[in-house]
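Descriptive analysis of the structure
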Amino acid sequence: MNILVTGGAGYIGSHTCVALLEAGHSVSIADNLCNSKRETVDKVKLIANKEVTFYEMDVTNAEAVDVVFQNHKIDGVIHFAGLKAVGESVELPLDYYYNNIVSTLILAKACLKYSVNKFVFSSSATVYGDNTVPFVETLNLLPTTNPYGETKAMCERILTDIAKANPSFSVSILRYFNPVGAHESGFIGEAPNGIPNNLMPYVTQVAKGKLKRLRVFGNDYPTVDGTGVRDYIHVVDLAEGHVAALDHLTEGVHIYNLGTGQGTSVLELVNAFETANDINVPYEIVDRRPGDIASCYADASKAKRELGWTAKRDIIAMCRDSWRFETNSKE
Ligand code: NAD
Ligand code: UD1
């Protein structure tokens, strides 16, 4: 299939482009590079040893999107492009609502105009809010605490309504848990700007000596050791989940958790990182981070049952591959 990947120069998008190319699909990327670099597209081509068409463009620009649909006979769209920093979304709600929602509306409209019936959307476990773990797709969604999370819940709703009204439009909504790790080549991975907010990139920067020590946000949660529990998933497993979702896409709306089903606490992750890489990660316990929940992990059985997909890479592989990418990067 010819797949349009929006946000394909980004962290998850680039790994998914590699997986798509390796599975025999053709890929066009549309990305405005607001949170990524052009070189990543070259690295994708290098890893897969295949060509990719790259459009440096904003997917909130309806005319530019139309040109892409005119230029290619597109079979499906995977829509990764979006702003994703939770804290920033509280400061800049208009930018977040505009970018994440308008891009989805414009792409869905182009799909209907050009009879492109396959649409895969990047959602997040954040839509579950502070529900009871494990999170299963049938749970009623609880309010999220920030505009970023709201954009994901709203886009899910918009795509569901469009699919109801247009029976041939097939939508797969993928709720990611906590993507970490990097391609085993060490060529592509997550390179956040500035001081990272998320745990794994913070840990790798402490290990490298760029940051002094990890601050563990709270050790009084009702979890195995009092620290927050999350479902970390290797980004290459996540990428393969997209290929499976696309291959199995049938009419209607299908929602899948993409996680391992396994919870790991902050201190368990730090231990795994130290073991995997034989390196010390200094840390201190500090207050809880506002807005955090105690535990978040997936019931991943629906994706296994319907897509034949499960995550294969364990926490040690996630830590090893994250570290390899960090040590490969020049900064
Ligand atoms: P990322 O920032 O690395 O990638 C997003 C890409 O989209 C970037 O390359 C950016 O330049 C591009 N982009 C943003 N707005 C655009 C626009 N209007 N037009 C064109 N390109 C645009 O982020 P990621 O971690 O790869 O996340 C991809 C998707 O998955 C996002 O929608 C994100 O919300 C969602 N998601 C991510 C996580 C996570 O922890 N990384 C978790 C759940 C969901
Ligand atoms: C974050 C996002 C969420 C997104 C998810 C997946 C926030 C508030 N939420 O959630 O919307 O869907 O990533 O990408 O950013 N931790 C520390 N010290 C740190 C960093 C984190 O102890 O320096 C702890 C956190 O308290 C948490 C765990 O590590 O218990 C994971 O944190 P993080 O990587 O930020 O992910 P989430 O909180 O799950």
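The preceding data block contains the structure.
Here's a quick rundown of the structure.

As for empty space enclosed by the protein
By the definition in use, this model includes 1 cavity of 30 Å³ or more. There is about 50 Å³ of room inside the largest cavity. As for the largest cavity, its lining consists of His79, Phe80, Ala81, Gly82, Asn100, Thr104, Phe121, Thr151, Lys152 and Cys155. At 3 residues, helix H6 (residues 147–165) tops the list of elements feeding residues into the lining of the largest cavity. Tallied by class, residues from the lining of the largest cavity come to 4 nonpolar, 5 polar and 1 charged.

Side note on the sheet that holds strand S14 (residues 295–296)
Here we have 3 strands laid out as an open sheet, ordered S12-S9-S14, and mixed in their pairing. Both edges of this open sheet fall to strand S12 (264–265) and S14, since each of them pairs with a single strand only. Note: strand S9 (residues 229–230) against S14, 2 bridges, orientation parallel. Bridge pairing in S14 places valine 229 opposite serine 295.

Topic: the pattern of salt bridges
Under the definition given, this model contains 18 salt bridges. Residue lysine 45 is joined to glutamate 51 by a salt bridge in which the shortest nitrogen-to-oxygen separation is 3.8 Å. Glutamate 51 gets classed as exposed once you look at its relative accessible area, which sits at 64%. Measuring nitrogen to oxygen at the nearest pair gives 3.3 Å for the salt bridge that ties lysine 312 to glutamate 240. Note that lysine 312 is positioned in the loop between helix H10 (301–307) and helix H11 (315–328) and glutamate 240 in helix H8 (residues 235–247), a separation of 72 residues in sequence. The exposure class of lysine 312 is exposed, given its relative accessible area of 62%. On the basis of relative accessibility, which here comes to 26%, the residue glutamate 240 falls in the partly exposed class. Salt bridges linked by common partners bring Asp237, Glu240, Lys312 and Arg313 together as one network.

Section: the sheet that holds strand S2 (residues 26–31)
Reading across from one edge, S3-S2-S1-S4-S5-S6-S11 is the order of the 7 strands in this open sheet, with parallel pairing throughout. The open sheet has two free edges, formed respectively by strand S3 (53–56) and strand S11 (252–258), since each of these has just one partner strand. Between one strand axis and the next, the sheet turns by 20 degrees as a mean value, whatever way the strands run. As paired strands, S2 and S3 are joined by 4 bridges and run parallel to one another. Bridge assignment links alanine 30 to a residue of S3, and that residue is tyrosine 55.

A few points about the packing of aromatic side chains
Throughout the structure, instances matching the rule amount to 6 aromatic pairs. With centroids separated by 4.9 Å and ring planes inclined at 35 degrees, the aromatic side chains of tyrosine 128 and phenylalanine 135 adopt a geometry described as tilted. With respect to burial, tyrosine 128 and phenylalanine 135 carry one shared label: buried. Over the aromatic face of tyrosine 221 sits the side chain of arginine 288, whose NZ or CZ is 4.0 Å from the ring centroid. If you follow lysine 302 out to its NZ or CZ, it ends over the ring of tyrosine 256, 4.9 Å from the centre.

Some remarks on helix H1 (residues 11–22)
End to end, H1 covers 17 Å across 12 residues, agreeing with the expected 16 Å (1.5 Å per residue, within 8%). Of all the 12 residues making up H1, 11 are buried; the element is thus mostly covered by neighbouring parts of the structure. Buried within H1 we find Tyr11, Ile12, Gly13, Ser14, His15, Thr16, Cys17, Val18, Ala19, Leu20 and Leu21.

Focus: the pairing of strand S8 (residues 214–217)
Of the two faces of S8, the one lined by Leu214 and Val216 is fully buried and the one lined by Arg215 and Phe217 carries no buried residue. Of the pairings in the sheet, the one linking S8 to strand S13 (residues 283–286) comprises 4 bridges and is parallel in character. Note that in S13 the partner of arginine 215 across the bridge is glutamate 284.

Considering the layout of surface pockets
As a volume, the second largest pocket reaches approximately 170 Å³. Every residue lining the second largest pocket is listed: Tyr232, Thr260, Gln262, Gly263, Thr264, Ala311, Lys312, Arg313, Asp314, Ile315 and Met318.

Things to note about the nonpolar core
Membership of the largest hydrophobic core comes to 40 residues, with the highest contact counts inside it found for Leu20 and Val27. Counting residues in each nonpolar core, the second largest holds 30 residues, with Val59, Val65, Cys155 and Ile162 among its members.

Some details on the packing of helix H7 (residues 199–208) against H11
Contact geometry of H7 with H11 gives a least axis separation of 10 Å together with a crossing angle of 55 degrees. In this view, H7 runs oblique relative to H11, as classed from their interaxial angle. The hand of the H7/H11 crossing is right-handed. Every residue of H11 that contacts H7 at Met200, Thr204, Gln205, Ala207 and Lys208 is listed here: Met318, Cys319, Ser322, Trp323, Glu326 and Thr327. When the residues that make up the contact of H7 with H11 are grouped by side-chain class, the tally is 5 nonpolar, 4 polar and 2 charged.

Criteria and cut-off values
Along each chain, residues carry numbers from 1 onward, in the same order as the chain's sequence is written. Labels follow written order: the first chain is A, the first ligand is 1, and so on. Restriction of local features to residues with pLDDT of at least 70 applies here, the model being predicted, together with a cutoff of 80 or more for giving and counting side-chain atom pairs; totals for whole chains, interfaces and linings are based on all residues. With hydrogens and water set aside, each side-chain value is computed from the structure's full complement of heavy atoms. Space inside and on the surface of the protein is sampled on a 1 Å grid over the protein atoms alone, with a cavity defined as a set of points where a 1.4 Å probe fits but cannot get out and a pocket as an open set with protein on both sides within 12 Å along at least 5 of 7 lines; lining residues have an atom within 4 Å of a point. Grid points are joined across faces, edges and corners, and a volume is the space filled by probe spheres set on the points. Secondary structure counts use DSSP, requiring at least four H or I residues in a row for a helix and at least two E residues in a row for a strand, with both numbered from the N terminus. Each residue is assigned to one class: nonpolar for Ala, Val, Leu, Ile, Met, Phe, Trp, Tyr, Cys and Pro, charged for Asp, Glu, Lys and Arg, and polar for all the others, Gly among them. Paired strands, in this sense, are two strands between which DSSP finds at least two bridges. By definition, a salt bridge exists where a carboxyl oxygen of Asp or Glu is found within 4 Å of a side-chain nitrogen of Lys or Arg. Categorising residues by exposure relies on relative accessible area from a 1.4 Å probe, with only protein chains included: less than 20% of the type maximum marks a residue as buried, more than 50% marks it as exposed, and the intermediate range marks it as partly exposed. Note on method: axes are straight lines fitted to C-alpha atoms, helices fitted across the in-contact stretch only, with angles between N-to-C directions ranging 0 to 180 degrees. By convention, a stacked pair of Phe, Tyr or Trp rings (six-membered ring in the case of Trp) has centres within 6.5 Å and planes under 30 degrees apart, an edge-to-face pair has planes over 60 apart, and any other such pair is tilted. To sit over a ring, a charge needs its Lys NZ or Arg CZ within 6 Å of the ring centre and within 35 degrees of the ring normal. One less than the residue count of a helix, multiplied by 1.5 Å, gives the span that helix is expected to have. We call a set of buried Ala, Val, Leu, Ile, Met, Phe, Trp, Tyr and Cys residues a nonpolar core when their side-chain atoms join them within 4.5 Å. In these notes the angle categories are as follows: under 35 degrees is roughly parallel, over 145 is roughly antiparallel, 65 to 115 is roughly perpendicular, and the rest is oblique. By convention the crossing between two helices is left-handed if the near helix lies anticlockwise of the far one by an angle smaller than a right angle, and right-handed if it lies clockwise. Note on definitions: a residue-residue contact is assigned when non-hydrogen atoms from the two residues lie within 4.5 Å.

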